[in-house]
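Each chain is listed here by its residues.
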2 protein chains.
Amino acid sequence: MRLYSVMTPREVQNTIKAHFTPLELELIELGASGGRVVGKNILAFEDVPGFDRSIVDGYAVRAADTFGAAETLPAMLDFSGEVKMGEKAPSLAGGSCFYVPTGGMLPQGADAVVMIEDTEMMGDLVNCFRQVAPGQNLIRRGEDLTQGDVVIEKGRRLRAAELGLLASLGITEVSVYRNPLVAIYSTGDEIVPVHTANLAPGQIRDSNALALAELVRRQGGKVVQGGILRDDYAEFRQGIEDLLPNVDFLVLSGGSSVGKRDFTAKVMQELGETGLLVEGIAIQPGKPTLLAKCKGKPVLGLPGHPVSALNIFSLFGSCIMEQLQGFSGENFPATVKAKLVRNIPSRQGRTDYVRVKLKRTGEELFAVPIFGRSGLLRTLADADGVVLIPPGNEGFLAGRDVEVILWD
Amino acid sequence: MRLYSVMTPREVQNTIKAHFTPLELELIELGASGGRVVGKNILAFEDVPGFDRSIVDGYAVRAADTFGAAETLPAMLDFSGEVKMGEKAPSLAGGSCFYVPTGGMLPQGADAVVMIEDTEMMGDLVNCFRQVAPGQNLIRRGEDLTQGDVVIEKGRRLRAAELGLLASLGITEVSVYRNPLVAIYSTGDEIVPVHTANLAPGQIRDSNALALAELVRRQGGKVVQGGILRDDYAEFRQGIEDLLPNVDFLVLSGGSSVGKRDFTAKVMQELGETGLLVEGIAIQPGKPTLLAKCKGKPVLGLPGHPVSALNIFSLFGSCIMEQLQGFSGENFPATVKAKLVRNIPSRQGRTDYVRVKLKRTGEELFAVPIFGRSGLLRTLADADGVVLIPPGNEGFLAGRDVEVILWD
């Protein structure tokens, strides 16, 4: 058996960033761009807002006309009419005012808005009981964005807020990185298709391909299911050579399991370039993971155990996806704070990911570690997330406040 | 102007749960069920695993044959051959052993596995240097799931792990709640379509419809874009009556803004049953929100300001979606811990949601409050999430550790 050198999780992430680059750009409709990553800086080609706007219901005035106004000594202004939403406001003469609704355009000549609560209408006069400063209660033209500003930087992922921002600028198409097409193979002589009604002794159904496909899809990728490869060097090699030219990323579920690890590594090395990049990760579960660059594309060899396979894909497969998608922001892993109810032992020198279930008692949240052999799928489905125990640590004691990394 | 009574966020959530029920069930392919909510308890119709399996590479033995074995006094067992993955294991005679790989089936007669690290092969004999207890290093048939067990409860959302679990059981179709079809109207005389190239004075483009649609889609819903309604009682009423029969949930962006709030409320009341449920929420931004049940379906009237509209939809629109989707689990809001860099003032008696940007300095994460008028879309796109300031609080001081609720 070959011996492998093991990397830290951070080293693996850096290796991924060093070796893989984003896919090409494509122009798509703004409405279909949610979740995609912007491929070029997007510039504002007009001012936002395009006109001075009131941010309250009130009276547009010249601020100077209100100076000194107070509860006991209101400024009296002529009422000149009403600004309608969506219509060009008329001009304002000195000593007069226009009613303007929230969002309405400011009349030319006005430089502030008195809130309606601070006024009283008396016939054709409006009494203002509070003075306003120039610029008060309004947004200036271009205050949100000025023509030529970078609205959204290359490498940012488009969320609802970004879609709204681009729509407000009249941008209806965006240039984004193409989403990866990911091939998934399950490997193993014991694996049979999911629809197999009755299992022969020793057989298990191919559960990883479906679960991994869901992780790929959640991240925007499309999936090509390659089916099941027998534990055989020639079949592995042929399988990879068949699909790799047509996809952007290839995943071998079970490819790093004992017994086939050596020939998986051999195929990966032979299909360079660059060949093997990662031969093991100082992590539990999922240590034997293999990662290679074959003909320029990422090929990930996952352990066959469901828990290990999903843990590794969530941590590193998703990192490969982001790299192909051109995402250059930081991911802030979603966590919740909870109190640990039981001790978790850990081995020094490796990062442990311990599955936990969250339970609420009143306002307090508790994390219940799920100890189970990594083959047990039920322990995965029971888990709300994982607690990370860093390598320099012998474990966490019950009662400790921990951050639970949520599973999506 | 009518006066409205204001509810707390919790009261609004309870109102939603009390008034709306899940949509009907549909049977779909397992592979397409990610993110959907299970409509019936799913039972295991076989044992998982279906056979006793080794969880290590090693030798399947009768545990009793190894009792007393130690480094200095190995138990010597006859080597009977190898168990192949995916094949039925032969029977084991006393005093002998079979090699079995991880995941391989245990031979009949064996009740434990000695790890390969604790053995040495000598010709036809295997020396075991460590004793094992019955059950050691194996998973028993049915240990993960026993026939008849509830695998996944009604009301749970299907993630990758659940898909894997169901696939391992040979379940290829699942009964899930139908996903909601959501109609979105933008309202306002000042609103023009996104593709409008040149804005006339006073006009703004319809940015909310696209942003809200993205939030609906992220949660699995489908969107019907209703277009733009003028600020007119009859047009509002006709618009709602046109689309409501064909959708499960109707959203009026801008429907609760000043000036149209009264007739939005009137239409909602007239189109009962049940009519108006919520007339305002003690929350900032988004206080004037209206919620009604019209002809049995939820109708949500949002403020027109983009920040308010997205905040309210994220908090309460998503709650309505979950109710229609039949989700009965708890949502643990995804947060990250960060140190506040500036004071945030707040008003007692209402819940403030303050947008923040996250910045990393070394290992530490800082939350930078984004103070901006709620009309400014850029402040939304800049934000990584929000800090919640509870009603009984006058604000947070700089330096405090806060939980930032991440925006998806």
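Reading the values: rules and limits
Residues numbered from 1 in each chain as written. Chains lettered and ligands numbered in written order. Predicted model: local features only at pLDDT ≥ 70, side-chain atom pairs only at ≥ 80, totals over all residues. Least-squares fit on C-alpha atoms with pLDDT ≥ 70 in both. Contact = placed C-beta atoms within 7 Å. Helix = DSSP H or I, 4+ residues; strand = E, 2+ residues; numbered from the N terminus. Buried ≥ 20, exposed ≤ 12 C-beta atoms within 10 Å, placed from the backbone. Domains from an automatic or database assignment. Nonpolar A, V, L, I, M, F, W, Y, C, P; charged D, E, K, R; others polar. Pairing = 2+ DSSP bridges. Axes fitted to C-alpha atoms, helices over the stretch in contact; angles between N-to-C directions. Arc of directions from axis to C-beta. Parallel < 35°, antiparallel > 145°, perpendicular 65-115°, else oblique. Left-handed = near helix turned anticlockwise from the far one by under 90°. Bend = angle between axes of the 7 residues up to and from the residue.

### Digging into the relation of the copies chain B and chain A
You can overlay chain B on chain A at an RMSD of 0.1 Å; the transform is a turn of 180° with a shift of 0.0 Å along its axis. The superposition of one copy onto the other is thereby described by a two-fold rotation axis. A shared binding surface is used by both copies, with 100% of the interface residues of chain B retained as interface residues in chain A.

### Some details on unusual backbone geometry
All names here are of chain A. Note the cis peptide between Gln 284 and Pro 285, where omega equals 0°. With respect to the helices and strands, the residue Pro 285 is situated in the loop between strand S19 (283-284) and strand S20 (290-294). For Asn 137, which is not glycine, the phi torsion reads 65° and is therefore positive. Looking at the element boundaries, Asn 137 is found in the loop between strand S9 (125-128) and strand S10 (138-139). On the neighbour-count criterion, Asn 137 (22 C-beta atoms within 10 Å) is buried. Positive phi, close to 50°, is recorded for Lys 295, a residue that is not glycine. Take Lys 295: it is sitting in the loop between S20 and strand S21 (297-302).

### A word on the domain arrangement of chain A
Residues and elements named next belong to chain A. By domain assignment, chain A separates into domain 1 (9-24 + 179-325), domain 2 (27-45 + 150-177), domain 3 (53-139) and domain 4 (335-406). Each of domain 1 and domain 4 has a C-alpha centre, and the two are 26 Å apart. Elements supplying a minimum of two residues to the side of domain 1 that touches domain 4: S19 and helix H6 (306-325). Among the elements that line the side of domain 1 that touches domain 4, the one with the most residues is H6, at 5 residues. A class-by-class count of the residues in the side of domain 1 that touches domain 4 yields 7 nonpolar, 5 polar and no charged.

### Quick look at the sheet that holds strand S18 (residues 275-278) of chain B
All names here are of chain B. What the 6 strands build is an open sheet, ordered S16-S13-S17-S21-S20-S18; its pairing is mixed. Strand pairing shows two members of the sheet lacking a second neighbour, strand S16 (222-229) and S18, which therefore form its edges. Strand after strand, the sheet turns through a mean of 25° between neighbouring axes, direction not considered. Here strand S20 (residues 290-294) runs beside strand S21 (residues 297-302); their pairing, made up of 5 bridges, is antiparallel. The partner of Leu 290 across the bridge, within S21, is Gly 301. Packing of helix H4 (residues 233-243) onto the sheet brings it into contact with strand S13 (181-187), S16, strand S17 (249-253), S20 and S21, and relative to S16 it is tilted by some 160°. Against the sheet, helix H6 (residues 306-325) engages S17 and S21, with an angle of about 175° to S21.

### Examining the interface of chain B and chain A
Each partner contributes to the interface: chain B provides 82 residues, whereas chain A provides 82 residues. At the level of secondary structure, the elements contributing two or more residues to the side of chain B that touches chain A comprise helix H2 (160-168), strand S15 (204-205), helix H3 (208-218), H6, strand S22 (335-340), strand S24 (351-361) and helix H7 (377-382) of chain B. Per-class residue counts for the side of chain B that touches chain A are 39 nonpolar, 22 polar and 21 charged.

### Comments concerning helix H1 (residues 9-19) of chain A
All names here are of chain A. Along H1, the residues classified as buried are Pro 9, Val 12 and Ile 16. One side of H1 carries all its buried residues, which in axial view fall inside an arc of 60°. Away from its buried face, by an angle of more than 90 degrees, H1 presents the exposed residues Arg 10, Asn 14 and Ala 18. Where H1 is buried, its residues touch strand S18 (275-278), S19, H6 and strand S24 (351-361).

### Some thoughts on the packing of H1(A) against H6(A)
Residues and elements named next belong to chain A. The interhelical angle for the contact between H1 and H6, taken along N-to-C directions, is 25°, at an axis separation of 10 Å. Taken together, the axis directions place H1 and H6 in an arrangement best described as roughly parallel. Our pair here, H1 against H6, has a crossing hand that is right-handed. Where H1 approaches H6, its residues Pro 9, Val 12, Gln 13, Ile 16 and Lys 17 are matched on the opposing element by Leu 315, Phe 316, Cys 319, Ile 320 and Gln 323. For the contact of H1 with H6, the residue count by class is 7 nonpolar, 2 polar and 1 charged.

### Here's the deal with the pairing of strand S28 (residues 401-406) of chain A
All names here are of chain A. Where strand S22 (residues 335-340) lies against S28, 5 bridges are found, and the strand directions are antiparallel. The partner of Val 336 across the bridge, within S28, is Val 404. Taken together, the 3 bridges between strand S26 (residues 385-389) and S28 define a ladder with antiparallel strand orientation. Residue pairing across strands places Val 386 opposite Ile 405, the latter belonging to S28.

### Quick word on the sheet that holds strand S5 (residues 75-82) of chain A
Residues and elements named next belong to chain A. Strand order in this open sheet of 6 strands is S7-S4-S6-S5-S9-S8, and the pairing throughout is mixed. At either margin of the open sheet sits one strand with a lone partner, and together these are strand S7 (112-115) and strand S8 (119-122). Strand-to-strand twist in this sheet, taken as the mean axis angle between neighbours without regard to direction, amounts to 40°.

### Some words on H6(B)
Residue and element names in this part refer to chain B. In H6, a bend of some 40° at Phe 313 exceeds every other bend along the element. Extensive coverage of H6 is indicated by the burial of 19 of its 20 residues. Phi turns positive one or two residues past the end of H6, at Gly 326, with a value near 80°.

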